[in-house]
There are 2 protein chains.
Amino acid sequence: MISVILLGAGNVATHLYKAFSDSETVSVTQWYNRTRSSISSYANEVDITDSLEELKEADLYIMAVSDDCIAEFSSALPFTNRLVVHTSGSVAMHDIDKKNQIGVFYPLQTFTKDADIVFSEVPICVEVYEKENLKILRDLARAVGCKPHKITTEQRQTLHLAAVFVNNFTNQLYRFGHEICETKNIEFEILHPLIEETAKKIQQMSPFKAQTGPAKRNDKRTIKRQLKLIEKEEHEAIYKMLTASIKKTHNVSNYRPKKSKTN
Amino acid sequence: MISVILLGAGNVATHLYKAFSDSETVSVTQWYNRTRSSISSYANEVDITDSLEELKEADLYIMAVSDDCIAEFSSALPFTNRLVVHTSGSVAMHDIDKKNQIGVFYPLQTFTKDADIVFSEVPICVEVYEKENLKILRDLARAVGCKPHKITTEQRQTLHLAAVFVNNFTNQLYRFGHEICETKNIEFEILHPLIEETAKKIQQMSPFKAQTGPAKRNDKRTIKRQLKLIEKEEHEAIYKMLTASIKKTHNVSNYRPKKSKTN
Ligand SMILES: NC(=O)c1ccc[n+]([C@@H]2O[C@H](COP(=O)([O-])OP(=O)(O)OC[C@H]3O[C@@H](n4cnc5c(N)ncnc54)[C@H](OP(=O)(O)O)[C@@H]3O)[C@@H](O)[C@H]2O)c1
Ligand SMILES: NC(=O)c1ccc[n+]([C@@H]2O[C@H](COP(=O)([O-])OP(=O)(O)OC[C@H]3O[C@@H](n4cnc5c(N)ncnc54)[C@H](OP(=O)(O)O)[C@@H]3O)[C@@H](O)[C@H]2O)c1
């Protein structure tokens, strides 16, 4: 049995709590949040607290708190030499106060409180300073059905950067699609199958190979027509930049005739 | 039984051919392509030709050819007053030569020859000039299990524009993710669950509500760290533009202190 104390009650902590509760080999000893009200509804299933002084003993303390407060928060913990990890993709492991044993338990997935997640499909990136702590983090990942990946800080930060592109930025493109549909009273839902297929396709072939569309085809008439159709300046700027980028990736002429053959 | 002649042998025509062949209420009378070699392997299942003069009679001619050649190609057809449609998201229906009856049969999905598709989940946008032709296009969509949507030219072109954002541009972001992983010897596959979840999430909530990440949180330290980590100028430009865009969408302070409260 692995005993865990959860610190924080945001998107990640809430999903971790559910996954841990469902596991037979993990027990949540305590759940801390500085704002008690966000966890008070769990008071009859788990020991909750909003006081660091009340924190109990456990094999592992998981700080699922905002990136910016990880360092300070870890210093405020009133104990030493226990295993304390954060869940961030980008914060250095060494930002955690060295009075405790330090590590990272980064679930490479997007979490919002309301959206259900098949937790067993979440890759867990783990990192430790004291080698002997690797086992418990791997075991914890496996206890909730996930595959642990031992990676370096640099790899984790690189993965997080890539994740921002494929997740947050992609989601903003969905947002643009939604806005564009709304201007002409079209239901955004009609785009769902396309969005799903676009995501699925790159599990069969590389994004390079999967590309289609006017930019890849260098279909100038369509590009011109679409630029006319765009109503928001912001959409236009992104359209131009990503069209140019796709052309460059696929080596299609980019309106610089003299260079077009080598470019 | 609906008889169809397919014109073109690219991504769309190839998937249409498969879907029509699988349907019991559609027969492909003939398959034309200007380059015979791309369809010659089908010669024992369907009548193939590379000569417009040899085209037979059918209920419907589907031009699944490149956008830029639709107008010219439709003029070259050696017959009149038959139903001729294109499959483009952006070309005007009226670009088709009026010597025939005209229409559009636009499958709102991304097709590449090698990737399998569950055709029955493809929304089909239909448009006709002569009202009486609406039925056959709707019936054809239903014959391959798809939902037909009657839309206007403007709505179709708007949808196509939105599709470019959520499909081609999104795919280019996947490409960036792939490139970023490669720089640090990380397998791109580790991002697949995140990519799939990002696409699934917006079927449960709006992209606006689904957004997470450093830009949405206005997590300046992470943004700064990530900008340092980026190696390609192109990635940097997109990172900055989409970060600013997400901040704007979610009303987070955008480094203009005097305006920050209203902006
Ligand atoms: N969301 C994702 O998709 C995702 C995915 C992977 C990793 N992560 C990482 O997981 C961590 C948590 O993210 P999240 O999305 O769960 O965040 P979140 O939903 O915004 O929740 C933040 C939590 O941190 C607490 N907190 C904020 N400032 C604090 C402070 N100064 N002192 C103590 N507690 C503080 C908040 O407490 P209050 O309730 O009192 O405000 C809240 O419990 C971050 O490191 C993030 O990078 C997030
Ligand atoms: N791919 C998609 O995801 C998608 C989705 C929805 C709609 N569409 C639309 O469907 C249509 C076809 O797209 P696609 O992706 O299938 O294109 P594609 O794979 O590039 O195939 C183009 C086809 O057009 C033919 N063609 C090109 N120029 C021609 C000309 N001057 N005369 C006669 N035939 C010519 C080509 O013949 P050769 O084989 O001889 O070169 C080929 O058969 C376009 O209108 C496109 O906008 C595409």
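Here, residues in each chain are numbered from 1, in the same order as that chain's written sequence. Chain labels run from A onward and ligand labels from 1 onward, assigned in the order the entries are written. Where local features are concerned, this predicted model is filtered to residues with pLDDT of at least 70; where side-chain atom pairs are given and counted, the filter is 80 or more; whole-chain, interface and lining totals use all residues. With hydrogens and water excluded, all non-hydrogen atoms of the structure serve as input to the side-chain values.

Per the convention used, a helix needs a DSSP run of H or I reaching at least four residues, while a strand needs a run of E reaching at least two, with both numbered from the N terminus. Counting its secondary structure elements, chain A contains 9 helices and 8 strands. Projected onto the principal axes, the alpha-carbon positions of chain A cover approximately 65 × 45 × 35 Å. Relative to its full complement of 263 residues, chain A shows a buried share of 59%. On chain A, roughly 11600 Å² of surface is accessible, and the fraction owed to carbon and sulfur atoms is 46%. In this tally, Asp and Glu contribute negative charge and Lys and Arg positive charge; neither His nor the terminal groups of the chain are included. A charge is said to be at NZ when it belongs to Lys, at CZ for Arg, at CG for Asp and at CD for Glu. Seen as two clouds, the 35 positive and the 33 negative side-chain charges of chain A have centres 16 Å apart. Accessible area is worked out with a 1.4 Å probe on protein chains only. A residue is then buried under 20% of its type maximum, exposed over 50%, and partly exposed in between. In this description, accessible areas are obtained by the Shrake-Rupley approach with a 1.4 Å probe, and a residue is regarded as covered only by the protein chains that are shown.

All names here are of chain A. A fitted line through C-alpha atoms represents every axis, and for helices the fit uses only the stretch in contact; the resulting angles, taken between N-to-C directions, go from 0 to 180 degrees. Where helix 8 (residues 220-229) meets helix 9 (residues 233-249), the axes come as close as 10 Å, and the angle between the chain directions of the two elements is 165°. In terms of orientation, helix 8 and helix 9 fall into the roughly antiparallel class. Read as a crossing pair, helix 8 and helix 9 show a hand that is right-handed. Across from Thr222, Ile223, Gln226 and Leu227 in helix 8, the residues of helix 9 making contact are Glu236, Tyr239, Lys240, Thr243 and Lys247. Looking at the contact of helix 8 with helix 9 residue by residue, the classes come out as 3 nonpolar, 3 polar and 3 charged. The scheme is simple: roughly parallel for angles under 35 degrees, roughly antiparallel for over 145, roughly perpendicular for 65 to 115, oblique for anything else. Crossings are classed by handedness, with left-handed meaning an anticlockwise turn of the near helix from the far one by less than a right angle and right-handed meaning a clockwise turn. The contact definition used throughout considers only heavy atoms, calling two residues in contact when any of these lie within 4.5 Å. When residues are sorted by character, Ala, Val, Leu, Ile, Met, Phe, Trp, Tyr, Cys and Pro go into the nonpolar class, Asp, Glu, Lys and Arg into the charged class, and all the rest, Gly among them, into the polar class.

Attention now goes to the state of the cysteines. All names here are of chain A. By definition, disulfides here are pairs of cysteine sulfur atoms that lie within 2.5 Å. Using the criterion set out here, one finds 0 disulfides over all chains in the structure. Not part of a disulfide, Cys146 finds its nearest cysteine sulfur in Cys125, a span of 11 Å. Of the residues examined, Cys146 reaches a relative accessible area of 5% and is grouped as buried.

A few words now on the pairing of strand 6 (residues 101-107) of chain A. Residues and elements named next belong to chain A. Where burial is concerned, most of strand 6 is hidden: 7 out of the 7 residues are buried. We treat two strands as partners when DSSP finds at least two bridges between them. In terms of strand pairing, strand 5 (residues 83-86) meets strand 6 through 4 bridges, oriented parallel. Across the sheet, Leu83 pairs through a bridge with Gln101, a residue of strand 6. Strand direction decides the pairing type here: strand 6 and strand 7 (residues 124-128), joined by 5 bridges, are antiparallel. If you follow Tyr106 over to strand 7, its bridge partner there is Cys125.

Residues and elements named next belong to chain A. Each residue gets a pLDDT score, which is the predictor's confidence in that residue and runs from 0 to 100. Counting all residues, the mean pLDDT for chain A is 94, and 96% of those residues have values of 70 or more. For residues 255-263, every residue scores under 50 in pLDDT, and the model assigns this stretch 7 contacts once sequence neighbours within four places are set aside. For this predicted complex, the interface confidence score (ipTM) comes to 0.89, while the overall pTM stands at 0.88.

The superposition of copies rests on a least-squares fit of C-alpha positions from residues with pLDDT of 70 or more in both. Once chain B has been moved 0.0 Å along the axis and rotated by 180°, it coincides with chain A to within an RMSD of 0.0 Å. Put plainly, the chains are arranged around a two-fold axis. Identified as the residue of chain B closest to the rotation axis by C-alpha distance is Thr170(B), at 2.7 Å. The overlap is high: 100% of the interface residues of chain B also sit at the interface in chain A, so the same surface is used on both sides.

End to end, helix 9 (residues 233-249) of chain B covers 24 Å across 17 residues, agreeing with the expected 24 Å (1.5 Å per residue, within 8%). Residues of helix 9 of chain B that are buried: Glu234(B), His235(B), Ile238(B), Tyr239(B), Leu242(B), Thr243(B), Ser245(B), Ile246(B), Lys247(B) and Thr249(B). On its buried face, helix 9 of chain B is in contact with helix 4 (153-183) and helix 9 of chain A together with helix 4 (153-183), helix 6 (207-210), helix 7 (214-217) and helix 8 (220-229) of chain B. Just past helix 9 of chain B, the residue Asn251(B) takes up positive phi, approximately 60°. One fewer than the residue count of a helix, multiplied by 1.5 Å, yields its expected span.

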